[in-house]
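# Topology and contacts: notes
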Amino acid sequence: MKRRQLLTGALASLLASNTGLALAQGKYPERPITIVVPSAPGGTTDFTARLIADPLSRALGQAVVIDNKPGASGNIGGQIVSRAKPDGYTLLLAYSGYQVGNPHLFKKAGWDPIKDFVPVAMLTRAPQVLTARANLPANNLRELIAYAKANPGKLNYASSGNGSIQHIAGELFKQMTGTFITHIPYKGAGPAVTDLLGGQVDLFFTTPASVVSQIKADKLKGLAVTSQSRLASLPQVPTATEAGLKNYNLDSWFALYAPAGTPAEVVQQLNKEINKILATAEVRKKAEDAGTTVDTMTPAQLGDFTRKELEYWGSVISNAKITAE
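Predicted model, so just to flag it, every value in this text is computed and none were measured. (Residues numbered from 1 in each chain as written. Predicted model: local features only at pLDDT ≥ 70, side-chain atom pairs only at ≥ 80, totals over all residues. Heavy atoms only, no water.)

### Some words on the sheet that holds strand β8 (residues 203-206)
Backbone-to-backbone hydrogen bonds join strands into a sheet, with any given pair of strands oriented parallel or antiparallel. Sheet architecture is open: 5 strands sit in the order β7-β6-β8-β5-β9, paired in mixed fashion. In this open sheet, the two edge strands, each paired with only one partner strand, are β7 (182-185) and β9 (220-225). Ignoring which end each strand starts from, the neighbouring axes of this sheet average 30° apart. Pairing between strand β5 (residues 129-133) and β9: 5 bridges, direction antiparallel. Bridge pairing in β9 places Arg133 opposite Leu220. With respect to the sheet, helix α6 (residues 165-177) is in contact with β5, β6 (156-159), β7 and β8, its orientation differing from that of β6 by roughly 150°. Along the sheet face, helix α7 (residues 189-198) touches β5, β6, β8 and β9 and points at about 150° away from the line of β8. (Pairing = 2+ DSSP bridges. Helix = DSSP H or I, 4+ residues; strand = E, 2+ residues; numbered from the N terminus. Axes fitted to C-alpha atoms, helices over the stretch in contact; angles between N-to-C directions. Contact = heavy atoms within 4.5 Å.)

Structure follows, in structure tokens:
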């Protein structure tokens, strides 16, 4: 009888333990989730984080907080998340220029895009738009190239940081056009747009969300987009090919990652909810109005995509002889 009671008690204890574990696993999230944005407010990385934050908060029943951590061309934000506890409460809103560009540009970025992160969800894609200050003496791409050739070293262009896609876009533009334009890196698109509006810089290669409203208001000039077709949000801006610069196509992408070791169940839950959000007409329209398009992938697909992009941009950066310094 005593042995039976002991066995019954042990079984009950085991069942209670397993039930408690199951309940604990099913409670995620139990507190606010932080999405670290490795750039300043105002750019497309920040826009993308805010695009999903509110609907994700409603879906999960917890606050989703945006934490901008600009600096070191995105490496500060990457380091913070790579070292965070892998529990699903600290995530990285990764911009492709940082996530797959920085590893080829910095000897010590402080994080590894494959070893230190697990892929969660693809979010948006966007081409670059070559934007100029309103009073620049060039109204189209051909005039810009002619002016730059006639005034070598006089013009400058902003980017979201050394090694960013914008930096790469600028250097490729110089190589393809035979021009010399000085590069000025910023800690994100927001500060760069502010200085472009103020006339402190002449040009900015950036994703459309950063400048759509200013171009529509004629506060900035949109000279070309680096996509194969015009954008619905900027129909008046020609593609680079239409403007006379063939094969100048560059896309950026934005995705969500978690620290390595984050439970697969948490990753799958986040992926499922985010993909539902991206499928809604409201979110798709917001993205399109900002010059971006939503994209969805499973965590495994994003992992394969990240590795391929890491290899591709390594080749581009090497061929263009671009460095972070």
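### What about the pattern of salt bridges?
In the structure shown here, the tally under the stated rule is 10 salt bridges. In this structure, Asp295 and Arg125 form a salt bridge, with 2.8 Å as the shortest nitrogen-oxygen distance. Here Asp295, found in the loop between β11 (293-294) and α11 (299-320), pairs with Arg125, found in strand β4 (residues 117-127); they are 170 residues apart in sequence, far enough to count as distant. Asp202 is the salt-bridge partner of Arg133, the closest N and O atoms lying 2.6 Å from each other. Here Arg133 is found in strand β5, whereas its partner Asp202 is found in the loop between α7 and β8, with 69 residues between them in sequence. Asp202 carries the same exposure label as Arg133, and that label is buried. (Salt bridge = Lys/Arg side-chain N within 4 Å of Asp/Glu carboxyl O. Buried < 20%, exposed > 50% of the residue type's maximum accessible area, 1.4 Å probe, protein only.)

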